[in-house]
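# Architecture and fold: a report
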Amino acid sequence: MGELLRLDSVIAGYGESRVLEEVSFALHEGESLALLGRNGVGKSTLLMTLMGLTQLHGGAIRWRSGDLARMPTYLRAHAGLGWVPQERLVFPSLTVEENLTVVARPGLWTLEKVYAIFPRLLERRANMGNQLSGGEQQMLAIARALMVNPQLLLLDEPMEGLAPIIVQELTRVIGALIKEQGMAVIVVEQHARLALALTGRAIVLDRGRVVHDSASRVLLDDVALLDRLLTVA
């Protein structure tokens, strides 16, 4: 599999404030990555940096060997980045179906295909975005990102605040995207063991730096190491 994404010594933040410090890693086609760490260590900032929503102070971001850092945010979606933000950001005054079709780009993912994996959205397709439950909004946010036909899906806390039955459903869908569809995914998730069970590889951030990079199975099998990496010092 070819290299999809590479960060080399990335320093980024908001305004003059730096959140990420010298972050480096590469991601290949079809690779799934759990991005872990305590609150406030830079996980969401890293995803937002990939989408061009932070200030890049140093380093390089390559996308299929091109310079991602110079690319406007809207073109990053066109280039193959699908982002599901923590806030979901569904369009409240559009119907479910309009939320999906307004961003659609040609490719494998169509209305029929996203409705097949999220039948609840098919049932609610005429409802406005602000008439959905939290779980339905998260389904819509993921489905909308798929309609862009991304090569890399960025999921920021997809299970946050959801009922256990919805978490179970989304876990099944994300697992199928990774294992059956072969989609490259980066998932930020506070439920570390859930994220590790879904992914093949894990990176742990602390104070904006990568402090651990291994196969996800390594952390799943070493509870003491996982606790040490994620416990507040």
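Above this text is the structure in question.
A brief look at the structure comes next. Small disclaimer: the values here were computed from a predicted structure and weren't measured.

On a plain count of helices and strands, the protein comes out with ten helices and ten strands. Relative to the compact-globule value of 17 Å for 233 residues, the protein shows a C-alpha radius of gyration of 17 Å, a close match. Across its three principal directions, the C-alpha atoms of the protein cover 45 × 40 × 35 Å. A burial count over the protein gives 49% of its 233 residues as buried. Across the protein, every contact between residues at least 6 apart in sequence was considered, and the portion connecting residues at least 24 apart equals 69%.

On to helix α1 (residues 43-50). Most of α1 sits out of view: six of its eight residues are buried. Taken as a whole, α1 has its buried residues at K43, T45, L46, L47, T49 and L50. Looking one or two residues beyond α1, the residue adopting positive phi is G52, at roughly 80 degrees.

What follows concerns unusual backbone geometry. Look at E157: it is not a glycine, yet its phi comes out positive at around 50 degrees. Within the secondary structure, E157 is located in the loop between β7 (152-156) and α7 (164-179). A positive phi angle, close to 50 degrees, is found at R207, a residue other than glycine. Residue position: R207 is located in the loop between β9 (201-206) and β10 (209-215). With relative accessibility at 62%, the residue R207 sits in the exposed group.

What follows is about the pattern of salt bridges. Any two side chains of opposite charge can pair if their charged atoms end up close together. Counted under the stated rule, the structure contains 13 salt bridges. Close ionic contact of R64 with E29 constitutes a salt bridge, the shortest N to O distance being 2.9 Å. One end of the pair, R64, is in the loop between β4 (55-63) and β5 (66-67); the other, E29, is in the loop between β2 (17-28) and β3 (32-36), with 35 residues separating them in the sequence. Given a relative accessible area of 38%, R64 falls into the partly exposed group. Note that D213 is salt-bridged to R201, the shortest N-O span being 2.9 Å. In this pair, D213 is assigned in strand β10 and R201 in strand β9, connecting sequence segments twelve residues apart. If you follow the salt bridges from partner to partner, you end up with R120, E123, R124 and E136 in one network.

Turning our attention to the sheet that holds β3. With mixed pairing, the six strands of this open sheet are ordered in space as β6-β7-β8-β3-β9-β10. Of all strands in the sheet, those bounded by a partner on one side alone are β6 (81-84) and β10. Going across the sheet, the axis of each strand differs from the next one's by a mean of 15 degrees, ignoring polarity. Here β7 runs beside strand β8 (residues 184-188); their pairing, made up of five bridges, is parallel. Counted as the bridge partner of L154 is I186 from β8. Contacts from α1 reach β3, β6, β7, β8 and β9 within the one sheet, and its direction differs from that of β7 by about 145 degrees.

One pass over the full model with this rule turns up zero aromatic pairs. Across the ring face of W109, the terminal group of K113 is positioned such that the distance to the ring centre comes to 4.6 Å. Here R144 stacks its cationic end above the ring of F91, 4.9 Å away from the centre of that ring.

Here we take up α7. Helix length check: α7 (16 residues) gives 22 Å between terminal C-alpha atoms against 22 Å at 1.5 Å per residue, within 8%. Taken together, the buried positions of α7 are occupied by V167, L170, V173, I174, G175, A176, L177 and I178. Of the surrounding elements, those touching the buried residues of α7 are β3, α4 (111-117), α6 (134-147), β7, β8 and α8 (192-198).

Rules used in this analysis
Residues numbered from 1 in each chain as written. Predicted model: local features only at pLDDT ≥ 70, side-chain atom pairs only at ≥ 80, totals over all residues. Heavy atoms only, no water. Helix = DSSP H or I, 4+ residues; strand = E, 2+ residues; numbered from the N terminus. Rg over C-alpha atoms; globule rule 2.2 N^0.38 Å. Buried < 20%, exposed > 50% of the residue type's maximum accessible area, 1.4 Å probe, protein only. Contact = heavy atoms within 4.5 Å. Salt bridge = Lys/Arg side-chain N within 4 Å of Asp/Glu carboxyl O. Pairing = 2+ DSSP bridges. Axes fitted to C-alpha atoms, helices over the stretch in contact; angles between N-to-C directions. Phe/Tyr/Trp six-rings, centres within 6.5 Å; stacked < 30°, edge-to-face > 60°. Lys NZ or Arg CZ within 6 Å of the ring centre and 35° of its normal. Expected span 1.5 Å × (residues − 1).

Keep in mind these numbers describe shape, not what the thing actually does.
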